[in-house]
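Listed here are the chains, written in short residue letters.
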Amino acid sequence: MSVFVQSGSNSAAGPTTTLAVTLAAATAGNLIVVWSKYEGTATTTSLSDGTATLTNGTEIGAGTRQGRMSYLLSATGGATTYTLTLGANKTTLRLIVMEFSPTAGKTWSFDIEGTGTGNGTAIATNSITTTGTDEIVVGAVGERSSAGAKSSPQIAGIAAAGSKFEPASWGSWQWYRILTATMNGTASITNSVSEQWYASVMGFTAAAAGGEPGPLTGFQTHRTILTGVCDDILAGIDG
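Residues numbered from 1 in each chain as written. Predicted model: local features only at pLDDT ≥ 70, side-chain atom pairs only at ≥ 80, totals over all residues. Heavy atoms only, no water.

Points about the overall build of the chain
(1) Moving on: For the chain, the count of helices and strands is 1 helix and 17 strands.
(2) Moving on: When the 239 residues of the chain are sorted by exposure, 44% land in the buried category.
(3) Moving on: Total accessible area computed for the chain in this model is approximately 10,500 Å², and 55% of it derives from carbon and sulfur atoms. (Helix = DSSP H or I, 4+ residues; strand = E, 2+ residues; numbered from the N terminus. Buried < 20%, exposed > 50% of the residue type's maximum accessible area, 1.4 Å probe, protein only. Areas by Shrake-Rupley, 256 points an atom, 1.4 Å probe, with all protein chains shown as cover.)

Examining the side chain of Asp111
(1) Moving on: By the element assignment, Asp111 lies in strand E9 (residues 106-124).
(2) Moving on: With residues up to four places along the chain from it excluded, the contact list for Asp111 reads Thr130, Thr131, Gly132, Glu135, Gly203, Phe204 and Thr205. (Contact = heavy atoms within 4.5 Å.)

Let's talk about the packing of aromatic side chains
(1) Moving on: One pass over the full model with this rule turns up 8 aromatic pairs.
(2) Moving on: Consider the rings of Trp35 and Tyr198, whose centres lie 6.2 Å apart with planes at 35°: the pair is tilted. One end of the pair, Trp35, is in strand E3 (residues 31-39); the other, Tyr198, is in strand E17 (residues 187-208), and 163 residues separate them in sequence.
(3) Moving on: Exposure remark for Tyr198: the relative accessible area of 0% places this residue in the buried category.
(4) Moving on: Centroid distance Tyr71 to Phe204: 5.2 Å. Interplanar angle 65°. Geometry classified as edge-to-face. Taken together, the positions of Tyr71 in strand E7 (residues 65-72) and Phe204 in strand E17 put the pair 133 residues apart, joining distant regions of the chain. Across this residue pair, the class does not change: Tyr71 and Phe204 are buried.
(5) Moving on: Linked through ring pairs, Phe4, Phe100 and Tyr176 together constitute an aromatic cluster. (Phe/Tyr/Trp six-rings, centres within 6.5 Å; stacked < 30°, edge-to-face > 60°.)

Overview of the confidence of the model for the chain
(1) Moving on: Predicted confidence across the chain gives a mean pLDDT of 88, with 86% of residues reaching 70 or more.
(2) Moving on: Note that residues 211-227 has pLDDT below 50 and, in this model, 2 contacts with residues that lie over four places away or in other chains. (pLDDT = per-residue confidence, 0-100.)

Topic: the pairing of strand E12 (residues 150-155)
If a strand is regular, its side chains alternate between the two faces of the sheet.
(1) Moving on: Where E12 lies against E17, 4 bridges are found, and the strand directions are antiparallel. Bridge pairing in E17 links Ile155 to Ala187.
(2) Moving on: For E12 and strand E13 (residues 158-159), the ladder comprises 2 bridges, and the chain directions are antiparallel. Along E13, the bridge assignment pairs Ile155 with Ile158. (Pairing = 2+ DSSP bridges.)

What to know about the environment of Tyr38
(1) Moving on: Mapping Tyr38 onto the fold places it in strand E3.
(2) Moving on: You can call Tyr38 buried: its relative accessible area is 2%.
(3) Moving on: Considered as a pair, Tyr38 and Gly142 are 104 residues apart in the sequence and their alpha carbons are 8.7 Å apart.
(4) Moving on: Leaving out residues up to four positions away in the same chain, Tyr38 has contacts with Thr43, Thr45, Glu59, Thr64, Arg65, Gln66, Leu86, Lys90, Thr91, Thr92 and Leu93.
(5) Moving on: Within polar-contact distance, the side chain of Tyr38 engages the side chain of Glu59 at 3.2 Å. (Polar contact = N/O pair within 3.5 Å; in protein donor to acceptor, adjacent residues only side chain to side chain.)

Focus: the nonpolar core
(1) Moving on: Membership of the largest hydrophobic core comes to 19 residues, with the highest contact counts inside it found for Val33, Met69, Phe100, Trp108, Val138 and Phe204.
(2) Moving on: Looking at this core, the elements with two or more residues in it are E3, strand E6 (60-62), E7, strand E8 (78-101), strand E11 (135-142) and E17.
(3) Moving on: In terms of residues, this core owes the most to one element, E17, which gives 4 residues.
(4) Moving on: Once residues within four sequence positions are removed from consideration, Phe204 is found in contact with Leu31, Val33, Tyr71, Leu73, Trp108, Ser109, Phe110, Asp111, Asp134, Glu135 and Ile136.
(5) Moving on: With 18 residues, the next largest nonpolar core counts Leu19, Leu23, Tyr38 and Leu54 among its residues. (Core = buried A, V, L, I, M, F, W, Y, C linked by side-chain atoms within 4.5 Å.)

Concerning the pattern of salt bridges
(1) Moving on: With the rule as written, the count across this model stands at 4 salt bridges.
(2) Moving on: Of the charged contacts, one joins Glu39 and Lys37 as a salt bridge, the two residues approaching to 2.9 Å between their closest N and O atoms.
(3) Moving on: Exposure remark for Lys37: the relative accessible area of 0% places this residue in the buried category.
(4) Moving on: Where Glu39 meets Arg65, a salt bridge forms, and the shortest distance between an N and an O atom there is 3.4 Å. Here Arg65 lies in strand E7 and Glu39 lies in strand E3, a separation of 26 residues in the sequence.
(5) Moving on: When salt bridges with common partners are traced through the structure, they connect Lys37, Glu39 and Arg65 into a single cluster. (Salt bridge = Lys/Arg side-chain N within 4 Å of Asp/Glu carboxyl O.)

So this is what it looks like as structure tokens:
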């Protein structure tokens, strides 16, 4: 079964264009999932581990707060620094990085993404339906104010297996569940104050490379038989 490995996080009051988190001993081939958030009008965002550029999900926002999830399906091994680079100076930056290891003999692929925005205390993305039976689903939310204390992170109505705050007392939050069956549902969390919110969810499947060939069609079966017969006849003639 796929497993959570480690997480790291960082904040910057700004204004600045960069923010970084270092994982001391990332494992090559593992999945990296990142939540990034900043305040100000939307700008370009890029995430890199110094070797590879992460794939960005959909940027979402509430007013002048922006956030998005990004991912790397095959991590660079060793001590690795993940750096967020913005196209303009912004304030109140948050960066949360999580690492997941696939089941032995499997590799990661992206499955599905969902987002959500709204106003109130009940925060939830739109519902997603996953396709894998060895899956990691990760949710994330960005804070609108320092007054909102969040609690009860869930994936499809089930308590998260783990989570990460940044900063520890209130800020952004990222959480996950490890699934052994497909699911349909949201990434949700409760806020102590009613305010604008924005949240994301992503699913990733661990699967063996290639896979077993499918059953032969009737045409393929007959063709295989006829080819074998012809080879036998030719072998007899040559002999």
